[in-house]
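Chain residues, written in single-letter form:
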Amino acid sequence: MGADAEKVLRTFLDEHGRISALPAKAGKRRVLLEHIVAAFEPGVKMTEREVDAVLRAFYEPDWVSLRRYLIDTGLMARADGVYWRTGGYVEV
């Protein structure tokens, strides 16, 4: 992760790793979304309820927007009520 990405995360995450505000700019929001999607195991299928539980831990006020952003940016996919991670960085 580059210095710019770290700065974005420091700006928009509190000391507990929860989102303090959603970035208005798409580039900064993408950095935050890539951080969030790392909480999901690549390829593991989940129900909407399971996804929501993870996202609420990051941003209780509007986890639904987080879910929509993850889908819209291609970091997650969904079909027939099932969600799975499709993008983002994977630590090896």
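Described below are features of the structure shown in this document. (Residues numbered from 1 in each chain as written. Predicted model: local features only at pLDDT ≥ 70, side-chain atom pairs only at ≥ 80, totals over all residues. Heavy atoms only, no water.)

1. Here's the deal with the packing of helix H3 (residues 48-58) against helix H4 (residues 63-72)
For any two helices packed against each other, the geometry comes down to the angle between their axes and how far apart the axes lie. To be explicit about the condition: Only the stretch in contact is used when fitting a helix axis, every axis being a line fitted to C-alpha atoms; angles between N-to-C directions are given from 0 to 180 degrees. Put simply, DSSP marks the helices as runs of H or I at least four residues long and the strands as runs of E at least two long, and each gets a number from the N terminus on. In these notes the angle categories are as follows: under 35 degrees is roughly parallel, over 145 is roughly antiparallel, 65 to 115 is roughly perpendicular, and the rest is oblique. By definition, turning the near helix anticlockwise from the far helix through less than a right angle yields a left-handed crossing, and turning it clockwise yields a right-handed one. Residue contacts are defined here by distance: any two heavy atoms, one from each residue, within 4.5 Å place the two residues in contact. The residue classification treats Ala, Val, Leu, Ile, Met, Phe, Trp, Tyr, Cys and Pro as nonpolar and Asp, Glu, Lys and Arg as charged. All others, Gly included, are polar.
Where H3 meets H4, the axes come as close as 9 Å, and the angle between the chain directions of the two elements is 110°. One element, H3, and the other, H4, form an angle in the roughly perpendicular class. Crossing angle aside, the handedness with which H3 passes H4 is right-handed. Residue-level inspection shows Glu-48, Val-51, Asp-52, Leu-55, Arg-56 and Phe-58 of H3 in contact with H4, the latter providing Trp-63, Leu-66, Arg-67 and Leu-70. Here the contact of H3 with H4 is built from residues that sort into six nonpolar, no polar and four charged.

2. Description of the packing of aromatic side chains
Short version of the rule: Pairing of aromatic side chains here covers Phe, Tyr and the six-membered ring of Trp, requires ring centres within 6.5 Å, and sorts the geometry by plane angle: under 30 degrees stacked, over 60 edge-to-face, intermediate tilted. A ring is scored as having a charge over it whenever the NZ atom of a lysine or the CZ atom of an arginine sits within 6 Å of its centre and within 35 degrees of its normal.
Under the counting rule described, the total for this entry stands at zero aromatic pairs. Seen from the ring of Tyr-69, Arg-29 lies directly overhead, with NZ or CZ sitting 4.6 Å from the centre. A cation over a ring is seen here: Lys-45 above Trp-84, with NZ or CZ 3.9 Å from the ring centre.

3. Section: unusual backbone geometry
Worth spelling out the cut-off: Exposure classes here rest on a 1.4 Å probe applied to the protein chains alone. A residue is buried below 20% of its type maximum, exposed above 50%, and partly exposed in between.
We note that Asp-80 has phi near 55°; this positive angle belongs to a residue other than glycine. Relative to the assigned elements, Asp-80 resides in the loop between strand S2 (76-79) and strand S3 (82-85). Residue classification places Asp-80 among the exposed positions, given a relative accessible area of 80%.

4. Notes on the pattern of salt bridges
Rule in force here: Here, a salt bridge means any side-chain nitrogen of Lys or Arg that lies within 4 Å of a carboxyl oxygen of Asp or Glu.
Throughout the structure, instances matching the rule amount to three salt bridges. For Glu-48, the salt bridge identified is with Arg-67, shortest N-O distance 3.8 Å. Of the two residues, Glu-48 is situated in helix H3 and Arg-67 in helix H4; the sequence distance between them amounts to 19 residues. A salt bridge links Arg-67 to Asp-52, with the nearest nitrogen and oxygen atoms 2.5 Å apart. With Arg-67 in helix H4 and Asp-52 in helix H3, this residue pair connects regions lying 15 residues apart in the sequence. We note that Arg-67, like Asp-52, is buried. Taken together, the shared-partner salt bridges connect Glu-48, Asp-52 and Arg-67 into one network.

5. Focus: the nonpolar core
Rules: To form a nonpolar core, buried Ala, Val, Leu, Ile, Met, Phe, Trp, Tyr and Cys residues must be joined to one another through side-chain atoms within 4.5 Å.
In terms of nonpolar packing, the biggest core is built from 21 residues, with Ile-19, Ile-36, Phe-40, Leu-66, Leu-70 and Met-76 touching the most fellow members. Secondary structure elements with two or more residues in this core: helix H1 (3-12), helix H2 (26-37), H3 and H4. Those residues in contact with Ile-36, other than ones at most four positions away along the chain, are Ile-19, Leu-55, Phe-58, Leu-66 and Leu-70.

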